[in-house]
Amino acid sequence: MAGRHFLQIPGPTPVPDRLQRAMHRQMEDHRSSTFPALTRSILSRLPQVVHQTKGEAFVFPATGSAMWEAALVNTLNPGARLLAPRFGQFSHLFIQTARNLGHHVDVIEEPWGEAADPAKIEAALAADTAHEIQGVLLVHNETATGVTSDVAAVRAAMDRAKHPALLYVDGVSSIASLDFRFDAWGVDCAITGSQKGFMLPAGLGILYMSEKSLARVDSCTMPRAYFDLRAMRANNAQGYFPSTPALSLLYGLDEALTMLLDEGMEQVAARHHRLATGVRAAVRAWGLHECARRPDIASDSLTAVVVPEGIDARTIIEHAFTRYDIALGSGLSEVAGKVFRIGHLGDMNALTLAGALAGVEMALADSGVVVTLGSGVGAALQHWRVGGNS
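Quick caveat, the model's predicted, so the values are computed rather than measured. (Residues numbered from 1 in each chain as written. Predicted model: local features only at pLDDT ≥ 70, side-chain atom pairs only at ≥ 80, totals over all residues. Heavy atoms only, no water.)

### A look at the packing of helix α9 (residues 247-263) against helix α10 (residues 265-285)
Just so we agree on the cut-off: The axes are straight lines fitted to the C-alpha atoms, using for helices just the contacting stretch, and the angles between their N-to-C directions are given from 0 to 180°. Secondary structure is summarised from DSSP: a helix means a run of H or I of at least four residues, a strand means a run of E of at least two, and numbering begins at the N terminus for each. Oblique is the label for any angle not under 35 degrees, not over 145, and not in the 65 to 115 range, which are roughly parallel, roughly antiparallel and roughly perpendicular in turn. Contact definition: two residues touch when any of their heavy atoms are within 4.5 Å. In this classification, the charged set is Asp, Glu, Lys and Arg, the nonpolar set is Ala, Val, Leu, Ile, Met, Phe, Trp, Tyr, Cys and Pro, and all remaining amino acids, among them Gly, are polar.
At a minimum axis separation of 5 Å, α9 and α10 run at an interaxial angle of 85 degrees. Here α10 runs roughly perpendicular to α9, going by the angle between their axes. Residues Leu260, Leu261 and Glu263 of α9 lie in contact with α10, whose contacting residues are Met265, Gln267, Val268 and Arg271. A per-class count over the contact of α9 with α10 returns four nonpolar, one polar and two charged.

Shown next as C-alpha cells:
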C-alpha cells in the first residue's frame, strides 16, 4: 500500500529516523576500555526522565513485563504478602506475576475504566497492624482501559496509614510520556520498557530503584539468576553489564535520552496532554465515549474508545488496518470487542494524529457507526489550533 503506515497502538510506538540511525551500527566489544562511556551516559541520564535524585536505574536486555519480576525478586523474601488494586489487564498481569513467584496478593477489585482508589489502599494498610504486607503493586497507566492512577495520592495514603510497605509502580506506558515524579511521589521501584515513551523497539527493560528498595537487594532471599541486581550493580559500577547487552538498543536509548532531555520532561508531558485532549475532543464529536469513567483519570498516552452496542470493535480495527493502513489497539480480556485503543505517545504530533483520526473516522463509518466524516478531525484540529488543554 502506498504511503506511510500509521502505527497508533499504545506500543510499540513509531521509531524516529534519528533513533534508527543511532542504532544502525556494527557490533563492538562490550568489554573494551571505551565501552563504559556509553553505559555511563545512559545510567547517569535515565534518572532525569523520572526526576530521580536518589537510588539507581538499571537496564536489562528484556521488556517492561520482565521488570515486574526483577523488582520483586530483588526486594522480597519467598511467600511475601502484597497488596494490589486490579482495574485492567496489566494490573491483573502484575498481580499474576507476583503470584507465579509464590507471593500472596490481597486484591482490591475496581471496575475496568476506574483507577486505583487511594482510600481503599489506605484502609487495607491501616488494618494490617502487624505490617505483614511488604509492598503495594500499582499500575500508573492502565494500557487496557486508558486510565491513569494518582501515584502521589497512593503514596500519601500509605504515609497516612504509617505503613512501611514498598511502592512498586508499573510505568510502562507512562514513563517518558506522562509526568512521573519518582522522588516526590515516594516510589520505591518503577518499571518500564523501551518500546513506548522511549520510542525504541521492544527489548530493553528499565528499572528504577529507591535507596529503601536497594537496601533489600543484598539481604532478600528470593531465588535470583538473570535478574540478580547484585551482579548488575557490581558491573555497572565499572561501566559494564554482567551479560551481553543489547548493543544496538543501548545506542538507541542513549540518543532517545538526548531527544527527551533536550525537549525537557515537563514539555514532553505537556505535549502528550495537549495531543490527548484533542483526541478526546474527537471522540466526543463522534458521539462516542471513553472507557475511562471520569475525565480526571483519562490517560494522556492512549485513548480507549467504547463502541456502540451491536458493533464489534474488532471489525473497526480490521477495517482500519486493511483499508487505511492504520493499526489501532484492540480491547483486551473484559473489554475485548468493546473498545479500540488509539495510541498517542512517543514520536507524535498534531499532524500525525490528524491523519490517524481521519483513518479512524473512515473505519467507523465502514463498520456501521454513524459519524459525520470530518467531525472528529475538525474538533481535534480546532482544539490544537487554539492551544486547548482540557
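After that view of the structure, there is still more to cover.
### Here's the deal with the packing of aromatic side chains
This is how it is decided: Ring pairs shown here join Phe, Tyr and Trp side chains whose ring centres sit within 6.5 Å, with only the six-membered ring taken for Trp; geometry is labelled stacked below 30 degrees between planes, edge-to-face above 60, and tilted in between. Summary of the burial criterion: residues with accessible area below 20% of their type's maximum are buried, those above 50% are exposed, and those between are partly exposed, where the area comes from a 1.4 Å probe applied to protein chains only. Cation placement over rings: the criterion is NZ of Lys or CZ of Arg within 6 Å of the ring centroid and within 35° of the ring normal.
Applying the stated criterion to the full structure yields seven aromatic pairs. Here the aromatic rings of Phe180 and Trp185 are separated by 5.2 Å at their centres, their planes lie at 55 degrees, and the arrangement is tilted. Of the two residues, Phe180 and Trp185, neither departs from the other in class, the shared state being buried. Residues Phe182 and Tyr208 carry aromatic rings whose centres are separated by 6.3 Å and whose planes lie at 50 degrees to one another, so their mutual orientation is tilted. On the criterion of sequence distance, the pair formed by Phe182 in the loop between β8 (166-170) and β9 (189-193) and Tyr208 in strand β10 (residues 204-209) is long-range, its members being 26 residues apart. The exposure class of Tyr208 is buried, given its relative accessible area of 0%. The structure contains a cluster of three or more aromatic residues connected by ring pairs, namely Phe60, Tyr226 and Phe227. Between the NZ or CZ atom of Arg25 and the centre of the ring of Tyr251, over which it lies, the distance is 3.6 Å.

### Side note on the packing of helix α3 (residues 64-73) against helix α4 (residues 89-100)
Threshold: With the far helix as reference, a near helix turned anticlockwise by less than a right angle produces a left-handed crossing, and one turned clockwise produces a right-handed crossing.
Taken N-terminus to C-terminus, the directions of α3 and α4 make an angle of 45 degrees; their axes are 10 Å apart at the nearest point. Considering the angle they form, α3 stands oblique to α4. In this structure, α3 meets α4 at a crossing whose hand is right-handed. Residues Trp68, Glu69 and Leu72 of α3 lie in contact with α4, whose contacting residues are Phe90, Leu93, Phe94, Thr97 and Ala98. Residues of the contact of α3 with α4, tallied by class, amount to six nonpolar, one polar and one charged.

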